Amino acid sequence: MQIARILQSQGFGSRRECRGLIRAGRVTVNGAAVDDPFAEFPPEGLSFTVDGEAWDYRQNAYLLLHKPVACECTHKPQCYPSIYSLLPPELSARGVQSVGRLDQDTTGLLLLSDDGQFIHTWSSGKKRIPKCYRVTLKHPHDAGFIAQLLDGVLLHDEADPVVAAACEPIDAHTLWLTITEGKYHQVKRMVAAAGNRVEALHRQRVGGLQLPEVLEPGDWCWLSDAHLIALSDFPSL
Ligand code: URA
């Protein structure tokens, strides 16, 4: 594949812009300078630099972001910066999208990809993928509150009760809540329907994948093969 096409596929601009980068001597491939935009390389396993920054060729991008508070999961944010401003512009340019959305005040694990099938699979409610949240409550919880969440609560505009897949207290005001759907504001609405209020919400796990401890709020990483295996490794609920 021509190096200009490879760079274009990785989000470095139009074919013309990528040719310009290469002719300007700003690109190296597998450690050697390349100034011919038509030079052919096998893309799989290719390492390249643009302006000294190292990249590996990836047919698709699979990422994990530790979403901080006060940012919106949209390209056109209304009140806060977009999560996409936390990523290198090349990733937005190649069409990376979040897998579902978290509210602006929710923190934690957010998957992103430019693979439409991956986004569909991991955001669909059909697969009943567990998503585990640490929920901080305004009022202390009691056995009745937890029983309501586990038995199911009726949300406005929903025909059937929505049931928590798991609910485990951490302390008087905090609990782990696992849900398998992805309804709008689901955790906040479930908690409100059970008579309490969410003060803080953090997503700790999606499928079998935990938010890596090393990832600070605002940081992102590529999903490794081990991450992808962990993601799919969850019991059916
Ligand atoms: N449920 C919510 O209420 N908000 C989120 O951001 C995620 C789940």
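Within each chain, residues carry numbers counting from 1 in the order of the written sequence. With pLDDT at 70 or above as the cut-off, local features in this predicted model cover only qualifying residues; side-chain atom pairs require 80 or more to be listed or tallied, and sums for whole chains, interfaces and linings still use all residues. With hydrogens and water stripped out, all remaining heavy atoms of the structure feed into the side-chain values.

**A short note on helix α4 (residues 116-123)**
- Throughout this description, buried means an accessible area under 20% of the type-specific maximum (1.4 Å probe, protein chains only), exposed means over 50%, and partly exposed covers the range between. Only DSSP runs of H or I with at least four residues qualify as helices, and only runs of E with at least two residues qualify as strands; both kinds are numbered from the N terminus onward. Burial in α4 covers these residues: Phe118, Ile119 and Trp122. The arc that holds the buried residues of α4, viewed along the axis, is 100°, so those residues lie on one side. Facing away from the buried side of α4 by more than 90 degrees, the exposed set consists of Gln117 and His120.
- Contacts made by the buried residues of α4 are with β5 (62-67), β6 (97-98), β7 (106-113) and α7 (225-232). Note that the arc is defined by the directions from the helix axis to the C-beta atoms. Every residue pair with non-hydrogen atoms within 4.5 Å of one another is taken to be in contact.

**Thoughts on the nonpolar core**
- Among the buried residues, those of types Ala, Val, Leu, Ile, Met, Phe, Trp, Tyr and Cys that are joined through side-chain atoms within 4.5 Å form a nonpolar core. With 33 residues, the main nonpolar core has Val135, Leu177 and Val187 as its most contacted residues.
- These domain limits were set by an automatic method or by a database of domain assignments. Among the domains, domain 2 (64-124 + 214-229) and domain 3 (130-206) are the pair contributing at least three residues each to this core.
- Beyond its immediate chain neighbours, meaning those up to four positions away, leucine 177 contacts Lys131, Cys132, Tyr133, Val135, Leu149, Ala164, Ala166, Cys167 and Val187.
- Core analysis: the next-biggest nonpolar cluster, separate from the first, contains 18 residues, Leu7, Leu21, Val29 and Val34 among them.

**Details of the side chain of threonine 174**
- Within the secondary structure, threonine 174 is located in strand β10 (residues 174-179).
- For threonine 174, a relative accessible area of 11% puts it in the buried group.
- N or O atoms within 3.5 Å of each other form a polar contact, as long as, within protein, one can give a hydrogen and the other can take it, and as long as residues adjacent in sequence are counted only when both atoms are side-chain atoms. Only 2.6 Å separates the side chain of threonine 174 from the side chain of aspartate 171, close enough to count as a polar contact.
- If sequence neighbours within four positions are ignored, threonine 174 has contacts with Arg134, Val135, Thr136, His141 and Pro169.

**Let's talk about the sheet that holds strand β1 (residues 27-29)**
- Two strands pair if DSSP finds at least two bridges between them. Taken in spatial order, the four strands make up an open sheet running β2-β1-β3-β4, and their pairing is antiparallel. Looking at which strands have only one partner, the edges of the open sheet turn out to be β2 (32-33) and β4 (53-56).
- Note: strand β3 (residues 47-50) against β4, four bridges, orientation antiparallel. The residue of β4 that forms the bridge with phenylalanine 48 is tryptophan 55.

**Section: the site of the ligand**
- By nearness alone, every residue bordering the ligand is listed as Leu102, Asp103, Thr106, Tyr133, His185, Gln186, Val187, Lys188 and Leu201.
- Contacts to the ligand include threonine 106, whose side-chain N or O atom sits 2.8 Å from an oxygen atom.
- One of the backbone N or O atoms of glutamine 186 is found 3.5 Å from an oxygen atom in the ligand.
- Protein coverage of the free-state accessible area of the ligand, which is 240 Å², stands at 95%.
- Ranked by residues supplied to the shell around the ligand, first place goes to helix α6 (residues 186-193) with three residues. One heavy atom suffices: a residue is near a molecule or strand as soon as one of its heavy atoms comes within 4 Å of it. Exposure was quantified through the Shrake-Rupley algorithm and a 1.4 Å probe, taking into account, for residues, occlusion by the shown protein chains and nothing else.

**Digging into the domain arrangement of the protein**
- Domain parsing of the protein yields domain 1 (3-56), domain 2 (64-124 + 214-229) and domain 3 (130-206).
- Counting from both sides, the interface comprises five residues of domain 1 and, opposite them, five residues of domain 2.
- For the pair domain 1 and domain 2, the summed buried surface comes to about 450 Å²; carbon and sulfur atoms form 63% of the total.
- As used here, buried area is the combined drop in accessible area, with a 1.4 Å probe, of two parts when they are placed together. The three residues of domain 1 that bury the most area against domain 2 are Gln10, Gly11 and Trp55, which together make up 78% of that side's buried surface.
- By definition, a salt bridge exists where a carboxyl oxygen of Asp or Glu is found within 4 Å of a side-chain nitrogen of Lys or Arg. Between domain 1 and domain 2 we count zero salt bridges in total.
- Taken together, the residues of the side of domain 1 that touches domain 2 break down into two nonpolar, three polar and no charged. Residues are grouped as follows: Ala, Val, Leu, Ile, Met, Phe, Trp, Tyr, Cys and Pro are nonpolar; Asp, Glu, Lys and Arg are charged; all remaining types, including Gly, are polar.

**Observations regarding the environment of valine 27**
- Along the chain, valine 27 turns up in strand β1.
- Each C-alpha atom of the pair valine 27 and glutamate 53 lies 9.3 Å from the other, and the pair is 26 residues apart in sequence.
- Look past the residues within four positions of valine 27 in its chain and what remains in contact with it is Leu7, Leu21, Ile22, Ala33, Val34, Thr49 and Val50.

**Overview of helix α5 (residues 143-151)**
- Among all positions of α5, only Phe145, Ile146 and Leu149 are buried. Along the axis of α5, the buried residues cluster in a sector spanning 95°; they form a single face. Residues Ala143 and Asp151 are exposed on α5 and point more than 90 degrees away from its buried face.
- Contact partners of the buried residues in α5: β8 (131-137), β9 (166-171), β10 and α6.
- N-capping of α5 is provided by aspartate 142, with a side-chain oxygen placed 3.2 Å from the backbone N of glycine 144.

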